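# Breakdown of the fold
The primary structure of each chain is shown beneath.
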Amino acid sequence: MTDTTTSTEEDQTDAGARRKAGEFVRGVSGFRHAIGDADFPAEAGRYHLFVALNCPWCHRVTLARSVLGLQDSITMDVAFPNRTGEDDPAGPNLWEFSPDRVASLTGQTLPECTVDTGTGRAVRLAKEVYQAEGSDEQSVPILYDKVAGRIVNNESAEIIRMLDAQAEALGSSMGAGRPRLYPEDADLRAEIAALNERIYVTINNGAYKSGFSSDQTVYQNAFEAYFESLAWLDSLLSNGRPYLTGDTFTEADLRLFPTLYRHDPVYYVRMKLNGAKILDYPHLWRWLCRVHALPGVAESGSLVHCRQGYFGRSWNGVVALGPLKPMSYPEAYAHPELAKR
Ligand SMILES: N[C@@H](CCC(=O)N[C@@H](CS)C(=O)NCC(=O)O)C(=O)O
C-alpha cells in the first residue's frame, strides 16, 4: 500500500487502527475552496480568520497575514489557548472564543483573545462555524467569507499560498515591496516542495507524533527523524545562506518557523523532544533569530499562548516556565550570538 502522505496531510490508511495502537494521526481538512474562485472574489475587508495562537498551523496563517501586510484587510479572531473541558455542555476539546477566561500561567485574562466578530452571530465555539455548514469538523485555522457567510478553507498550507497569490487584490499595505512566499520559478518551487515535505513529515507533524503518541517505537522513530532533520537543516544553512532556499524568505521558511519557535520553550519538555535545543544548532539558531526579526513576525505569535495551550490542560494546569538559561524566551530570539558555536 503506497504511503499517500504529502507536505500538507498525512496518509489516512488504517488511521483508526493506528490511533488505537497509540500513533497520533492528524485528520484531513474538509474545506478546500480558494480566494479567487468564482464564489470567493479577492476583495479587501471581505475575509476573516479564526485562529488560536498556540496552534502551529494557525501560526503559519498569522505569519502570512503579517509578513504580507494584510493585517488591516483581513480581520481575525483569537480563541482561548485551552480548549473546553469535560464539564462543558457542548463537550470537551472545542476551541472557544471567550476572552474572559483566565490563564493559569498569568492568573489574568489574555488581551489577544476575542469573541467571534466574524460570523455576525457571536458564536462561542469554532465548532458552530462548521455546524452552520452542516460539518462536524472543529479545527482552526478557518478562513471565512464575511459577505457570503461561508467557510472558504481550513487547510493552513493552502491558506498561506492563496494569501501570497492574492496579496495585492486583498489590499496588502506593503505594495510591490512585499515578500514573495511562493515565487514563480519552477526550480525554486521544486526546492520549496521538497523542503515542505521533509519539514512537514519529520518536524511540523513529527513533533506531534513524538509528543502525542503513546507507543514507544512510534515516539522513538519520530524523535530520531526530528533531530536528523534539524541536523540536516543546520548543515544546509552552514554555507552562509540566510534562508532555506537562499537569499530570500519563502514559504519553506514560514512553514518551519512555528515549530522551531516552540522547540526550546515548549516542545523540548511537552513533546519529549529533549535531544537538543535549537541553541545547539548554530546556523539554525541564527536563522531562527533572523526570521524572528523580520517585519511582522514577532507580532504574529505568542509564547504565553503557546505555554498556556500546550501545558495548561494536559499538565494539570501547571505551566512550565523555563528555560531561563542562557536567557528567557522569546527575549533570547533577539540574540543570535547565543548560538553555542
Ligand atoms: N491540516 C490542518 C490542521 C489543523 C489542526 O489540526 N489544528 C488543530 C489545532 S493545532 C485543531 O484544531 N485540532 C482540533 C481538531 O481537529 O479537532 C492545517 O494545517 O490547517
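So, how was this worked out
All chains use their own residue numbering, which begins from 1 and follows the written sequence. Owing to the predicted nature of the model, reporting of local features is limited to residues with pLDDT of at least 70; listing and counting of side-chain atom pairs is limited to 80 or more, with chain, interface and lining totals taken over all residues. Excluded from the side-chain calculation are hydrogens and water; included are all heavy atoms of the structure. Here, nonpolar core refers to any group of buried Ala, Val, Leu, Ile, Met, Phe, Trp, Tyr and Cys residues whose side-chain atoms link them within 4.5 Å. The cut-offs for exposure are 20% and 50% of the maximum accessible area for each residue type, with area from a 1.4 Å probe on protein chains only; residues under the lower value are buried, those over the upper are exposed, and the others partly exposed. In this document the domain limits rely on a domain assignment from an automatic tool or a database. Residue contacts follow a heavy-atom distance rule, with two residues in contact if any of their heavy atoms lie within 4.5 Å. One side-chain nitrogen of Lys or Arg within 4 Å of one carboxyl oxygen of Asp or Glu is enough to make a salt bridge. Helix and strand definitions follow DSSP, with helices as H or I runs of at least four residues and strands as E runs of at least two, each counted in order from the N terminus. It suffices for a single heavy atom of a residue to lie within 4 Å of a molecule or strand for the residue to be listed as near it. In protein, a polar contact means a hydrogen-donor-capable atom and an acceptor-capable atom, both N or O and within 3.5 Å, with residues adjacent in sequence counting only if both atoms are side-chain atoms; elsewhere, any N or O pair within 3.5 Å suffices. Computed with a 1.4 Å probe, the accessible areas rest on the Shrake-Rupley method; for each residue, only the protein chains presented here act as cover. All residues other than Ala, Val, Leu, Ile, Met, Phe, Trp, Tyr, Cys, Pro, Asp, Glu, Lys and Arg, Gly among them, are scored as polar; the first ten of these are nonpolar and the last four charged. By the convention used here, strands pair only if DSSP detects at least 2 bridges between them. Every helix has an expected span of 1.5 Å times one less than the residues it contains. Working convention: axes come from line fits to C-alpha atoms, limited for helices to the stretch in contact. Angles between N-to-C directions cover 0 to 180 degrees. Summed over both partners, the accessible area lost on bringing two parts together, with a 1.4 Å probe, is the buried area.

Within the largest apolar cluster, 89 residues are counted, with the highest numbers of intra-cluster contacts made by Leu244, Trp285 and Trp287. No fewer than three residues from each of domain 1 (15–177) and domain 2 (187–338) sit in this core. Setting aside its immediate chain neighbours within four residues, tryptophan 287 contacts Leu237, Pro242, Tyr243, Leu244, Asp253, Leu256, Phe257 and Leu260.

This part takes up the pattern of salt bridges. Following the criterion strictly, the structure yields 14 salt bridges and no others. Close ionic contact of glutamate 23 with lysine 209 constitutes a salt bridge, the shortest N to O distance being 2.8 Å. Of this pair, glutamate 23 sits in the loop between α1 (15–20) and β1 (47–51) while lysine 209 sits in helix α6 (residues 206–212); the two residues are 186 residues apart in sequence, bridging distant segments of the chain. When the shortest N-O distance is used, the salt bridge between aspartate 88 and arginine 124 registers 2.8 Å. Note that aspartate 88 is positioned in the loop between β2 (74–78) and β3 (102–103) and arginine 124 in the loop between β4 (108–109) and α3 (126–131), a separation of 36 residues in sequence. Classification of aspartate 88 as buried rests on a relative accessible area of 14%. Overall, the relative accessible area of 27% leaves arginine 124 in the partly exposed class.

Around the ligand, a shell composed of 13 residues is seen, among which Arg26, Trp95, Val140, Glu155 and Ser156 lie nearest. With respect to the ligand, the side chain of arginine 26 contributes an N or O atom lying 2.8 Å from an oxygen atom. Residue valine 140 places a main-chain N or O atom 2.9 Å away from a nitrogen atom belonging to the ligand. Protein coverage of the free-state accessible area of the ligand, which is 500 Å², stands at 84%. Looking at side-chain class alone, the shell around the ligand contains five nonpolar, five polar and three charged residues.

The next subject is the pairing of strand β5 (residues 142–145). The alternating pattern of β5 places Ile142 and Tyr144 and Leu143 and Asp145 on opposite faces, both of which are buried. With four bridges connecting them, β1 and β5 associate as antiparallel partners. In the sheet register, leucine 49 faces β5, and the bridge partner there is leucine 143. In this sheet, strand β6 (residues 150–153) lies alongside β5 in antiparallel orientation, the contact comprising three bridges. Paired with leucine 143 across the two strands is asparagine 153, which belongs to β6. Hairpin geometry of β5 and β6 is characterised by an intervening segment of four residues between the two adjacent antiparallel strands and by a positive phi of about 65° at glycine 149.

Look at helix α7 (residues 216–236): 30 Å from first C-alpha to last across 21 residues, which is about the 30 Å you get at 1.5 Å a residue. Val218, Tyr219, Ala222, Tyr226, Phe227, Ser229, Leu230, Leu233, Asp234 and Leu236 are the residues of α7 that are buried. In this fold, the buried residues of α7 make contact with α5 (186–204), α6, α8 (251–270) and α9 (282–292). Among the residues of α7, the N-terminal cap falls to aspartate 215, whose side-chain oxygen and the backbone nitrogen of threonine 217 are separated by 3.0 Å.

With that settled, consider the sheet that holds β5. Within a sheet, each strand pairs with its neighbour through backbone hydrogen bonds, oriented either parallel or antiparallel. Read from one edge to the other, the open sheet built from four strands follows the order β2-β1-β5-β6, with strand pairing classed as mixed. The sheet is open, and its two borders are formed by β2 and β6, each paired with just one other strand. Averaged over all adjacent pairs, the angle separating strand axes in this sheet is 35°, with direction ignored. This element, helix α4 (residues 156–165), spans β1, β2, β5 and β6 of the sheet and lies at about 90° to β6.

The domain boundaries assigned to the protein chain delineate domain 1 (15–177) and domain 2 (187–338). With centres defined by C-alpha atoms, the gap from domain 1 to domain 2 works out at 22 Å. Between domain 1 and domain 2, the buried area comes to about 3,100 Å², and carbon and sulfur atoms account for 58% of it. Sorting the residues of domain 1 by area buried against domain 2 places Phe24, His59 and Leu105 first, and these three jointly supply 20% of that buried surface. Seen at the junction of domain 1 and domain 2, the total is two salt bridges. Viewed at the interface, domain 2 and domain 1 are joined by 19 residue pairs in polar contact (both at pLDDT 80 or more). The set of elements that each furnish at least two residues to the side of domain 1 that touches domain 2 consists of α2 (56–67) and α4.

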